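What follows is the residue order along each chain.
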Amino acid sequence: MAAPIGSTIFGGGTIQHFRPSSAVQRTEAARASGMGSAGLARLQGLFAVYKPPGLKWKHLRDTVELQLLKGLNAGKPPAPQQRVRFLLGPVEGSEEKELTLTATRVPSLIDHPLVRGLAFTSLKVGVGHRLDSQASGVLVLGVGHGRGLLTDMYNAHLTKNYTVRGVLGKATDDFCEDGRLVEKTTYGFLTSPGKLLQPPGLDQVYCQRSHQLTIDHVTREKLNRILAVIQGSHQKALVTYSNLDLQTQEAYEMAVSGVIRPMNKSPMLITGIRCLQFAPPEFLLEVQCMHETQKQLRRLVHEIGLELKSTAVCTQVRRTRDGFFTLDDALLRTQWDLPSIQDAIQAAAPRVAAELKKSLRPWLGTQEPPGPGQPWDSERPRSALGPESHVGH
């Protein structure tokens, strides 16, 4: 309600001046300040999306930002603020043509969308462990204070899971199937019937067209042996880069619980690798690793092919888990909207807090990481098969 602050005689009439009460002013100010915070209150945290192959992570991030801004600006605007205006009009009940100024509350157009423009014009979305354009899978994003949680995820040195598909028989310059072909090899050989010498443990396939027998010298048993050597060498390196004294109780407990992590930068470390499918010339691997790039995983397929006395190229790299986010948590392209992302953030928040606390706790109070002279700070190229050396034949 407006309170009178004075009066003026105009044309024989009395003009009363009003100003809004302090309670009205406080209510309007609170309403104005709450316009932005209401839409952003549930956009504080981490969530995961599924990145399809062929899409750059920057374009994905920009698309998510655009969809969030679109959702925030699509909300129903609050009721316009009321302002007191003095309007000139005739005096009620007066027979003479007297005019008076009357205090009237009218809506203010200052905050109208057509006058002010969009309420939200920019929103920063942080990106976690990135995926190149050819890779697909789980990509973690952060909004608000979630951008700081992305740094905590990085410092926790969490492992990630990939499925990597390869094809035997050729090599390219970039280890991808569509790269420039540099070499073709065989993963088996032909011999006429009756002249076949079959070494033990090799697979046979009869070719009806050529009436010959194909013997694959690349077998699943050989592949599994190579994968076991790779995993063993990387697990030894993981202990080295963790900078722990293996004679202490702390190191033993961390090894048992599986929370040994490198203290700082390190080459790609593989904590687990196994063959899921083997149907020559194609094979599918599951890799659990940290500090990797997708190019290093493609190079791993190439070097495995060399160890098998053949060649191989990578046809697919798909991330199935990034820390505590899995494919089940990843939002599909049709779910990149404000309500879905808000629900995903709220659902993941308790798990994110618990997992980060558990992952960061073992490193509290540990000694400082090695200086520039230590091996893990070296930037020289390394083999993907092992942090220090190639796998023996």
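(A) How the structure looks around the packing of helix α4 (residues 146-156) against helix α8 (residues 338-360). Remark: α4 packs on α8, axes separated minimally by 9 Å, with the N-to-C direction vectors making an angle of 35°. α4 and α8 meet at a crossing whose hand is left-handed. Across the interface between the two elements, L149, D152, M153, N155 and A156 from α4 touch V352, L356, S359 and L360 from α8. Across the contact of α4 with α8, the residue classes tally to six nonpolar, two polar and one charged.

(B) Broad picture of the environment of P267. With respect to the helices and strands, P267 occurs in the loop between α6 (249-257) and β14 (269-279). Sequence separation of P267 and Q296 is 29 residues, and the distance between their C-alpha atoms is 9.9 Å.

(C) Examining the pattern of salt bridges more closely. Evaluation of the coordinates by the stated rule reveals ten salt bridges. Ionic pairing is found between R180 and D173, a salt bridge with its closest N-O pair at 3.8 Å. On the accessibility criterion, R180 (55% relative accessible area) is exposed. Between R299 and E303 there is a salt bridge, and its shortest N-O distance comes to 2.9 Å. Taken together, the residues span about one helical turn, with R299 and E303 both in helix α7 (residues 294-307) at a distance of four residues. With relative accessibility at 33%, the residue R299 sits in the partly exposed group.

(D) Broad picture of the side chain of T271. With respect to the helices and strands, T271 occurs in strand β14. A residue is classified by how much of its surface remains accessible, and T271, at 16% relative accessible area, is buried. A polar contact of 2.8 Å, which involves the side chain of T271, links it to the side chain of Q288. Setting aside anything within four residues of it in sequence, one finds T271 in contact with T159, Q231, Q235, L238, Q288, C289 and M290.

(E) Expanded view of the environment of D337. Looking at where D337 falls in the secondary structure, it is placed in the loop between β18 (330-331) and α8. By relative accessible area, D337 is classed as partly exposed at 23%. It is 10.0 Å that separates the C-alpha atoms of D337 and L72, two residues lying 265 residues apart in sequence. From its side chain, D337 meets the backbone nitrogen of S340 in a polar contact 3.0 Å long.

Cut-offs used in this document
Residues numbered from 1 in each chain as written. Predicted model: local features only at pLDDT ≥ 70, side-chain atom pairs only at ≥ 80, totals over all residues. Heavy atoms only, no water. Axes fitted to C-alpha atoms, helices over the stretch in contact; angles between N-to-C directions. Helix = DSSP H or I, 4+ residues; strand = E, 2+ residues; numbered from the N terminus. Left-handed = near helix turned anticlockwise from the far one by under 90°. Contact = heavy atoms within 4.5 Å. Nonpolar A, V, L, I, M, F, W, Y, C, P; charged D, E, K, R; others polar. Salt bridge = Lys/Arg side-chain N within 4 Å of Asp/Glu carboxyl O. Buried < 20%, exposed > 50% of the residue type's maximum accessible area, 1.4 Å probe, protein only. Polar contact = N/O pair within 3.5 Å; in protein donor to acceptor, adjacent residues only side chain to side chain.

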